[in-house]
Amino acid sequence: MTIDAHEVGLIRASLRHVLTTCAPTDVPGALLAEGWAELIDADVALAITVLAEEAGRARSAAPVVDLAMPAGAGFEPDATTVFVIDELVVGGFTRASRFVLVKDSGLFSIAADDVTVTPINGVDPSMGLGRVQINVARGDQIADGSVAARTVTAGRLALASQMVGAVEQMLTDTIGYVNERHQYGRAIGSFQSVKHRLADVKVAVAAAKAGVHAAWEAGDTTSAIAAKCLAGRAQLLASTHCFQVHGGIAFTVEHGFHQWVRRGQVLDLLLGSTDDLTRQLGQRLIATGSAPRVPANFSGPTNFQKRS
Amino acid sequence: MTQPEQSFATTAAEFREWVAAHTAELEPFRHEVAEELNLAIARFRPLQQMLWDHGWNRLGWSPEVGGLGGSPIHRFVVMEELAAAGYTNPAMLGSVEIIAPMLIRFAPNLARVHVAPAVRGDVVWCQGFSEPDAGSDLGSLHTRAVPDGDGFRISGQKMWSSNGHVAGWCCVLARTGATDSGYRGLTMFWVDMSAPGMRVVPTLCESGRSETAELFLDDVYVAADHVVGEVSQGWSVVMYLMQFERGAYAWGRQAELHSHLNELIKDHVVESPAHAAEIVGRAYLSLFALRSKCGDTIGELIAGNDLGPEVSIDKILLSTAEQVITESARQLLSPRLELGDDELAARWRNRWSFSRITTIYGGAIEVQRDLVAERVLGMPRVR
């Protein structure tokens, strides 16, 4: 089934509506009621990409990975399964009926009663992170390592799209600011040094967005790692350059720019930071002795870019 | 023979088989060699001819210009497979990918005559755009074309004309409007490099090779039917061409850069320090970004969509990847790269040196950033 550009616009608007009107914990349930299962059946890559981009844009604390990871692995979506990655859970884990541990060897299900979650404030208290302590010897294995790898890949691509959405919104807000803010009798956005910083952010986010699409098409773990790195780099560049051209106002609590920086740091570290994944990528290439072309066969013009 | 309507994967598979069946003939084309341009062209001409004879580089060009029709993606797939198999694509095909689409769109009569010989390797093309006082600021160029009978006479000086001293034909951008007409008063011409009044002086580059040339035009006559597009339409014509220079050419380069990085990983990482993983990872990211973005761009170009300033993003990603990869090679191969007198050291030094110019030619990266900021992001223009 092909979803055309007009339909993508409608889907985007309806996801945005859910993300901006529901409490983060209620988002999974609300999406299921709105036909999330049908959407992932129709086009899982598109569904996850659009949801995550909109969540990033809205700086929503909704548990995007809890929706993306089962969808990528081919599980029936439900509103009360919470995924545990690197001992962390994201956004509104109080709704959990069970937790799913993501390990290299597979996925393991654990009843909510056997888990203790300690809330984390950290750099971004609004994200609703928690650290998980498991109180049983082991959970029930519900999937093998290959499914776990697909789960992680979907999670990484969702996080990448979340960063893409966040960077696009940061860029939009920042351009609005520098085009309005006057110093030396002119809009500061007319200074070349300001333009070049923001142009570099645009280049980085465009590359990340294209990288996410290429990685979905390729479907392998290596390209998902690469796509998340590109998004992480775009996020860091945006946090730096957009902060700088805002001037001192970005340093105030009232302005709120700092919330982008905080959210960006957390999104970057989940499922592997840019630094760690870049090294991992290098190790993989060295181990296999080649730099793979992704996707291996150029399939020609895809409508993905235009549609989404 | 490859059929225009078959899948790209089938073309790739057929071409891989062809390569496997022709390894002996292909052996001389493994690496580019750091030698003078006329020698390099002579070295790779038989490859271009061989690809023509077997139809590979004719894929995706229309039958009107001597091609086999179908989607140009078949041809891009072939270029990529050739690079992936460890061979070097003939450099001269790069300028065909940039210039031929412009001829086909704006001067179909010229395209019918000129495209096939260039694809086959019989003749080399160059561009006459930059001038001593008009580099990235192309709209300010001074070379004049004045009407003379049925045609024009062109006078002026061009520089940074890649392959200019070995080229048979050149697309020359000249001023037909008033001196102060800016980018509005420009016209594109298709000029015979052997025409009376054309003098060519090679420019010795720091790589030790003459890679570009200066062109001195003194009343060079160009017939009216050698105007590309309409008179005064030169800016749209050159901007159309730039989409291919910044898009299609970038696609070809990413294929080459993948094999350069492959070469680096295969041959040299073992001897390298512990930080190799990080260097290789970063180099790969620059390529992954380029390939992902360019793939989308190529799709748009082939669908006939004008991309406009968006292509500057591809151009920035390309020059970034070129420099990140050669700098990674320098880090991993040091001190062999700096001190070696062997062929491998010379080859990587040559690649490193070429990569320095990639943020300058075709519009400096500063100009590309201005274009992204002003035309894509909508920031204020002040000039």
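Keep in mind the model is a prediction, meaning the values are calculated, not measured.

**Q** So what's going on with the nonpolar core? Which residues, and what values?
**A** Ala208, Leu230 and Ala234 of chain A together with Phe189, Val228 and Tyr284 of chain B are the most contacted members of the largest nonpolar core, which has 207 residues in total. Ignoring any residue separated from it by four or fewer positions in sequence, one finds valine 228 of chain B in contact with Met102, Leu103, Phe106, Ala107, Cys171, Met188, Phe189, Trp190 and Val237 of chain B.

**Q** Tell me about the interface of chain A and chain B, and please be specific about residues and values.
**A** Contacts between the two partners involve 41 residues from chain A, matched on the other side by 48 residues from chain B. For the side of chain A that touches chain B, the secondary-structure elements that each account for two or more residues are helix 6 (145–180), helix 7 (192–218), helix 8 (221–246) and helix 10 (274–288) of chain A. The element contributing the most residues to the side of chain A that touches chain B is helix 7 of chain A, with 14 residues. The residue inventory of the side of chain A that touches chain B, partitioned by class, reads 19 nonpolar, 17 polar and five charged.

**Q** Please give an account of the packing of helix 4 (residues 44–57) of chain A against helix 6 of chain A that cites residues and values.
**A** Residues and elements named next belong to chain A. Their axes nearest at 6 Å, the elements helix 4 and helix 6 cross at an angle of 45°. Regarding the angle of helix 4 to helix 6, the classification is oblique. Like other packed secondary-structure pairs, helix 4 and helix 6 cross with a definite hand, here right-handed. Touching Ile48, Thr49, Ala52, Glu53, Glu54, Ala55, Gly56 and Arg57 of helix 4 are Ala154, Leu157, Ala158, Ser161, Gln162, Met163, Val164, Gly165, Ala166, Glu168 and Gln169, all from helix 6. By residue class, the composition of the contact of helix 4 with helix 6 is nine nonpolar, six polar and four charged.

**Q** Tell me about the sheet that holds strand 2 (residues 88–89) of chain A, residues and numbers included.
**A** All names here are of chain A. Pairing within the open sheet is antiparallel, and its three strands lie in the order 2-6-5. Edge strands, defined here as strands with exactly one partner in the open sheet, are strand 2 and strand 5 (115–120). In terms of strand pairing, strand 5 meets strand 6 (residues 129–134) through six bridges, oriented antiparallel. Following the sheet pairing, valine 115 is matched in strand 6 by isoleucine 134.

**Q** Quick rundown of the pairing of strand 7 (residues 210–223) of chain B? Include the residues and the values.
**A** Residue and element names in this part refer to chain B. Where strand 3 (residues 151–162) lies against strand 7, nine bridges are found, and the strand directions are antiparallel. Note on strand 7: the bridge partner recorded for phenylalanine 152 is valine 222. Where strand 6 (residues 198–204) and strand 7 come together, seven bridges link them in antiparallel fashion. In the sheet register, valine 200 faces strand 7, and the bridge partner there is leucine 215. Where strand 6 folds back on strand 7, the antiparallel hairpin that results is connected by five residues, among which glycine 208 adopts a positive phi of roughly 90°.

Cut-offs applied
- Residues numbered from 1 in each chain as written.
- Chains lettered and ligands numbered in written order.
- Predicted model: local features only at pLDDT ≥ 70, side-chain atom pairs only at ≥ 80, totals over all residues.
- Core = buried A, V, L, I, M, F, W, Y, C linked by C-beta atoms within 7 Å.
- Buried ≥ 20, exposed ≤ 12 C-beta atoms within 10 Å, placed from the backbone.
- Contact = placed C-beta atoms within 7 Å.
- Helix = DSSP H or I, 4+ residues; strand = E, 2+ residues; numbered from the N terminus.
- Nonpolar A, V, L, I, M, F, W, Y, C, P; charged D, E, K, R; others polar.
- Axes fitted to C-alpha atoms, helices over the stretch in contact; angles between N-to-C directions.
- Parallel < 35°, antiparallel > 145°, perpendicular 65-115°, else oblique.
- Left-handed = near helix turned anticlockwise from the far one by under 90°.
- Pairing = 2+ DSSP bridges.

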